[in-house]
Amino acid sequence: MTDASLRTPDAAADSGGDGTPLLELVDVGKHFAGITAITGASLALYPGRVMGLVGNNGAGKSTLVRIVSGVQQPDEGHVAWQGEPVRLRNPRQARGLGIDTVYQELALADDLDATANIFLNREISRGWGPFRVTSSKRMRREAAALFEKFAIQVPASGTEVRQMSGGQRQGVAIARALLGGSKVLLLDEPTAALGVEESGHVEDLVLRLRDHGVAILLVSHSVDQLLKLCDDLCVLRRGRMVGVYSRRDLTGSDVVSLIVGADAS
Amino acid sequence: MPTTLAAPPRNRVPVVGLAARAAGAVGKQNLGLLAGLVLLLAVIRTQTDRVFITGNLLDIGVAISILGILSVAQMIVIVSGGLDISIGSTASLCGVAVALLLKHHAGTPTAIVLALAVGLAAGALNGAVIVFLRLNPIITTLASFSAFAGLSLVLSHGLDVPATSHFFDVIATESVAGIPYPLLFLLLFGLATHLMLRYTVIGRHVYAMGSNPDAARNTGINLAAYKMGIYLFAGLAGAIGGIMTVARDSLAQANTAGADLGLTAITAALLGGAALTGGRGAVPGALLGVLILGVLDNGLILMQIEPFYSQIAIGVLLVLAVSLQQSRLMERLGRRGRKQ
Ligand SMILES: Nc1ncnc2c1ncn2[C@@H]1O[C@H](COP(=O)(O)OP(=O)(O)O)[C@@H](O)[C@H]1O
Ligand SMILES: [Mg+2]
């Protein structure tokens, strides 16, 4: 398959956005000691749109996510934030702009409840220095309001996140990013460890995030899930970008053949 | 925003859950300890009627005061995901330091301040090795456990160092509002620590770093600074314990008593529900753990059973308590009270 025809911001034209993407990757590439992890990747994320990222193992999905989240720097091409080129030097800087990655294992302290987790290291408090006292009631109220807004079904307080289901934990991790004012959320296989019902909850949450104007980059292996959630789909194969496609133009079997490549079947 | 909050989704405690709610107030994980303590007291009561005499209860309080301070500090270290095996040796070292200073005619305030500084230095050394050399806390404090004990033997030439101070006599013999000084120190230290852990931002971060260090670091919490602070705190507690020991005995002994005390402090903290995996533990539990050990010791004495048996009993108790805490029973108890 040739890569030119279907490539990039085709989707942007009818995005419903104002034309300027929140975040854009332009011909981004990353190499490790002769291995090309990814090259020629261009995609644009818009508020209220879900971009799927799909490809077989080793295709370069995680590398791309790490570039967008500031963990790794591209050695080809560039990243633009709201139209301006930026260098994302580290995750903190990316988070400062409003780009947040939800890694479930990294994000939660199991022995704390949902409120304590989403406010971790940005606690509402009174007092000074070592005597800063947490304002638990206010944090609980704000957490409950946030959960309500996005219909995340978790008890705000009193239950350690250890005791929560995988879907609930994912909800808490996402809420933490939202509380930080994230405009772009990177979800790397958010339902990989979840059962069918739990996955459904997380998928519903992704749709609600979209409805609230969050830009989402969703890595997933499930074609069904991608077709259900995505507005656009970015396909990678062996370190190369195959193209970005509008969801409307694709069927499940299209997606599968894009992933494995025309010559594979 | 407030309008949408007319009926916030919060935990509704069912009517049948009243007991669970009461349990929540005590801390569900402390219920087992409380039950154990009551059982222990009941058994001792069948053998002797002297347990509940006020004088005896105060004796228990004084007897556990030093251990209590070390246990509370140890509990914080454990909650943060670390361990301080050296805390007993730190106490010995600071005890020898304060006694030697008094012997060389330092004033009591000077001697106490310098001994506290020695404790802080010991804690800073532990913290620095753990943070900068990235050594495991168990290895680090096992090493300093040995080194500090050795240093106190070197400084004291292996001999008892007598220490006389009017202030120490007061602490050892007098009371405030009926509460002996050592017990008062424990209560104040425990209360301050409890408030810190439970209500401050620092306390919350200590739980977070023990529970999931990666998550804590990811939110920007400075783990190195917290670790440093935690081992400094343990060093300070060790110093307080060492000074109180000298005040009680009017002498410093650089023998194995300090080491034993340090290990018993770990035992009490674990008995009290602190989890070596980090993120779990609290002051009330640690104090209950200490109290159980104190009552056990006291009971064996009252019942005129050889005190050596208490060490066997402590071992059995620790295994029982921790296996109980690990069992699903506690988890389920917690869940039942908290279902939405
Ligand atoms: N840090 C690294 N060092 C060397 N090779 C890497 C590194 N990260 C990724 N790669 C290589 O780059 C390719 C893409 O990897 P990755 O982005 O993890 O793919 P995916 O997430 O799609 O499975 C793989 O061949 C992988 O081995
Ligand atoms: Mg991957």
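The structure under discussion appears in the preceding block.
Now for a description of the structure that goes with this document. Since this is a predicted model, take the numbers as computed values, not measurements.

### A few points about the nonpolar core
So, step 1. Counting 62 residues, the largest nonpolar core has Leu112 of chain A together with Met75, Leu197, Val206, Ile230 and Val295 of chain B as the members making the most contacts within it.
So, step 2. Among the elements of the structure, helix H2 (28–47), helix H3 (54–79), helix H8 (181–199), helix H9 (201–211), helix H11 (223–249), helix H12 (257–271), helix H13 (283–302) and helix H14 (308–326) of chain B are those that each provide at least two residues to this core.
So, step 3. Here this core gets 13 residues from one element, more than from any other, and that element is H3 of chain B.
So, step 4. If sequence neighbours within four positions are ignored, Leu112 of chain A has contacts with Asn117, Leu120, Thr159, Glu160 and Val161 of chain A together with Arg204, Tyr207 and Ala208 of chain B.
So, step 5. Within the second largest apolar cluster, 48 residues are counted, among which are Leu108, Leu218, Cys230 and Val242 of chain A.

### Looking at the interface of chain A and chain B
So, step 1. With 34 residues of chain A at the contact, the number on the chain B side is 30 residues.
So, step 2. Between chain A and chain B, the buried area comes to about 2,900 Å², and carbon and sulfur atoms account for 50% of it.
So, step 3. Taken together, the links from chain A to chain B amount to two salt bridges.
So, step 4. Here Arg280 of chain B makes a salt bridge to Asp111 of chain A, at a shortest N to O gap of 3.1 Å.
So, step 5. Put simply, chain A and chain B have eleven residue pairs in polar contact (both at pLDDT 80 or more) between them.
So, step 6. For the side of chain A that touches chain B, the elements supplying multiple residues, two or more each, are helix H4 (104–107), strand E8 (133–134), helix H6 (136–149) and helix H7 (166–179) of chain A.

### Side note on the site of ligand 1
Residues and elements named next belong to chain A.
So, step 1. Neighbouring ligand 1 are the residues Phe32, Ala37, Asn56, Asn57, Gly58, Ala59, Gly60, Lys61, Ser62, Thr63 and Arg66.
So, step 2. Backbone polar atom of Gly60 to an oxygen atom of ligand 1: 2.9 Å apart, as the coordinates give it.
So, step 3. The protein chains hide 64% of the 560 Å² of surface that ligand 1 would expose on its own.
So, step 4. In terms of residue count, the dominant contributor to the shell around ligand 1 is helix H2 (residues 61–68) (four residues).
So, step 5. The residue makeup of the shell around ligand 1, split by class, is three nonpolar, six polar and two charged.

### Considering helix H10 (residues 252–260) of chain A
All names here are of chain A.
So, step 1. For H10, the complete set of buried residues consists of Val255, Leu258 and Ile259. What you see down the axis of H10 is that its buried residues fit within an arc of 100 degrees, all on one side.
So, step 2. For H10, the secondary structure elements touched by its buried residues are strand E3 (50–54), helix H9 (223–229), strand E11 (232–237) and strand E12 (240–246).
So, step 3. Once H10 finishes, Gly261 follows within two positions and takes phi at roughly 95 degrees, a positive value.

Conventions and cut-offs
- Residues numbered from 1 in each chain as written.
- Chains lettered and ligands numbered in written order.
- Predicted model: local features only at pLDDT ≥ 70, side-chain atom pairs only at ≥ 80, totals over all residues.
- Heavy atoms only, no water.
- Core = buried A, V, L, I, M, F, W, Y, C linked by side-chain atoms within 4.5 Å.
- Buried < 20%, exposed > 50% of the residue type's maximum accessible area, 1.4 Å probe, protein only.
- Helix = DSSP H or I, 4+ residues; strand = E, 2+ residues; numbered from the N terminus.
- Contact = heavy atoms within 4.5 Å.
- Buried area = accessible area lost by both parts, 1.4 Å probe.
- Salt bridge = Lys/Arg side-chain N within 4 Å of Asp/Glu carboxyl O.
- Polar contact = N/O pair within 3.5 Å; in protein donor to acceptor, adjacent residues only side chain to side chain.
- Near = heavy atom within 4 Å.
- Areas by Shrake-Rupley, 256 points an atom, 1.4 Å probe, with all protein chains shown as cover.
- Nonpolar A, V, L, I, M, F, W, Y, C, P; charged D, E, K, R; others polar.
- Arc of directions from axis to C-beta.

No statement about biological role is implied by the geometric values presented.
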